[in-house]
Amino acid sequence: MGNFKMVCLDIDGTLLNSRHEITEKTKQVIQNVANEKHIPVILVSARMPKGMLFLQKELNIVQPIICYSGALIWNHGDLQLNITIPVSDVKKVYTIVKNLGIHISLYKDDEWYIEEMDEWAKQEREITSITPAISDFSNLFTFWEQESTGPNKILCMAESPDIQQLDTTMKEYPSDHLNIYPSKPTYLEIMPKHTTKTSAIEFLCEEFDILKNEIIAIGDNYNDMNMIEFAGLGIAMGNSRNK
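Analysis parameters
Position numbers for residues start from 1 in each chain and track the written sequence from start to end. Two thresholds apply to this predicted model, a pLDDT of at least 70 for residue-level local features and 80 or more for giving and counting side-chain atom pairs, whereas whole-chain, interface and lining totals are computed over all residues. Hydrogens and water molecules were not included; the side-chain quantities draw on all heavy atoms of the structure. By this definition, two strands are paired if DSSP reports at least two bridges between them. Counting from the N terminus, the helices are the DSSP runs of H or I reaching at least four residues and the strands are the DSSP runs of E reaching at least two. Contact between two residues is taken to exist if any of their heavy atoms lie within 4.5 Å; hydrogens are not considered. Note on geometry: axes are lines fitted to C-alpha atoms, helical ones only across the stretch in contact, with angles between N-to-C directions running from 0 to 180 degrees. For this analysis, a salt bridge means a side-chain nitrogen from Lys or Arg found within 4 Å of a carboxyl oxygen belonging to Asp or Glu. For every residue, the accessible area (1.4 Å probe, protein chains only) is compared with the maximum for its type, and the residue is labelled buried under 20%, exposed over 50%, or partly exposed between those bounds.

Visitor: Help me understand the sheet that holds strand S6 (residues 103-108), please; the structure alone is not making it clear to me.
Guide: Hydrogen bonds between backbone groups are what pair the strands of a sheet, and the pairing can be parallel or antiparallel. Pairing is mixed across the open sheet formed by 6 strands, whose spatial order is S8-S7-S6-S9-S11-S10. Of all the strands in the sheet, just strand S8 (133-134) and strand S10 (178-184) have a single pairing partner and so form its edges. Bridge count for strand S9 (residues 153-157) against strand S11 (residues 187-192) is 4 bridges, and the pairing is antiparallel. The partner of Cys156 across the bridge, within S11, is Leu188. Packed on one face of the sheet, helix H3 (residues 87-99) meets S6, S9, S10 and S11 and runs near 160 degrees to S6. Here helix H5 (residues 137-146) sits on the sheet in contact with S6 and strand S7 (111-114), set at roughly 30 degrees to S6.

Visitor: Just checking my understanding: could you explain the pattern of salt bridges for this structure?
Guide: Two side chains bearing opposite charge may form a pair once their charged atoms approach each other closely. For the coordinates displayed, the defined rule picks out 14 salt bridges. With a shortest N-O distance of 3.9 Å, Lys50 and Glu111 are connected by a salt bridge. Here Lys50, found in helix H2 (residues 50-59), pairs with Glu111, found in strand S7; they are 61 residues apart in sequence, far enough to count as distant. Residue classification places Lys50 among the partly exposed residues on the basis of a relative accessible area of 34%. We note a salt bridge from Asp224 to Lys197, for which the minimum N-O separation is 2.5 Å. Taken together, the residues Asp224 in the loop between strand S12 (215-219) and helix H8 (225-230) and Lys197 in helix H7 (residues 197-208) connect sequence positions 27 residues apart. On the basis of relative accessibility, which here comes to 0%, the residue Asp224 falls in the buried class. For Lys197, a relative accessible area of 1% gives the class buried.

Visitor: Is there a simple way to think about the pairing of strand S4 (residues 72-75) in this case?
Guide: Where a strand is regular, its side chains alternate between the two sheet faces. Neither face of S4 is left uncovered, since the one carrying Leu72 and Trp74 and the one carrying Ile73 and Asn75 both have all their residues buried. Across 3 bridges, strand S3 (residues 65-67) lies against S4 in antiparallel orientation. Opposite Ile66, over in S4, you have Ile73 as the bridge partner. Taking the residues between adjacent antiparallel strands as the criterion, S3 and S4 are bridged by 4 residues, where Tyr68 takes a positive phi near 50 degrees. Relative to strand S5 (residues 78-82), S4 runs antiparallel, the two sharing 4 bridges. Bridging from a neighbouring strand, Ile73 pairs with Leu81 of S5. In this antiparallel pair of consecutive strands, S4 and S5, the connection spans 2 residues, and His76 shows a positive phi of 55 degrees.

None of this, on its own, says anything about what the molecule does.
As structure tokens, then:
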């Protein structure tokens, strides 16, 4: 591992293969790095904590995890970093999305909220093995306004042409608070504006007293580009959209 002191590892398309599994070879390498060389292996994903903790357990590693593409750092139940989207922006996005007939999910801390269990929610439940909370979003918005908080992530799901239309519409939306990108043809993810995987990694660098050139970052998607470019050694997977 040379002089490297931290490994930052994306999950979908990187840690997991096409069957959403960790291969035995990958598992052995990670356990060697984390438990024998004592180098922190940080899982970094757009997923919520529930969608990452079971993988951490399978790998037998114990470190903070970076969730929602950097909006939240979860450390054994403690929130080391927690960046949210203002409810005023959430309401505007909600109106746009509903007018286009597109599914919308809201993620806050370690909870996933939907309005109804439609086909998109069922598909996501199958992929993640997580059951969402069915909620009245108007009540949720009111509660978050009272608490001066909001969701860490908005996920919009629809057929590819509808997501392309939404992406185009959202690019014209004037906001200083949103970071918008398609994570795959049928998904549009919306995070707090200045939230990136890199910003969360920088936060952990200070915690671990590690320099950027001492980091290895591995990923495969658009939202991995900044951490791959930031790290001392950045690796784009063979299936990467960043090549």
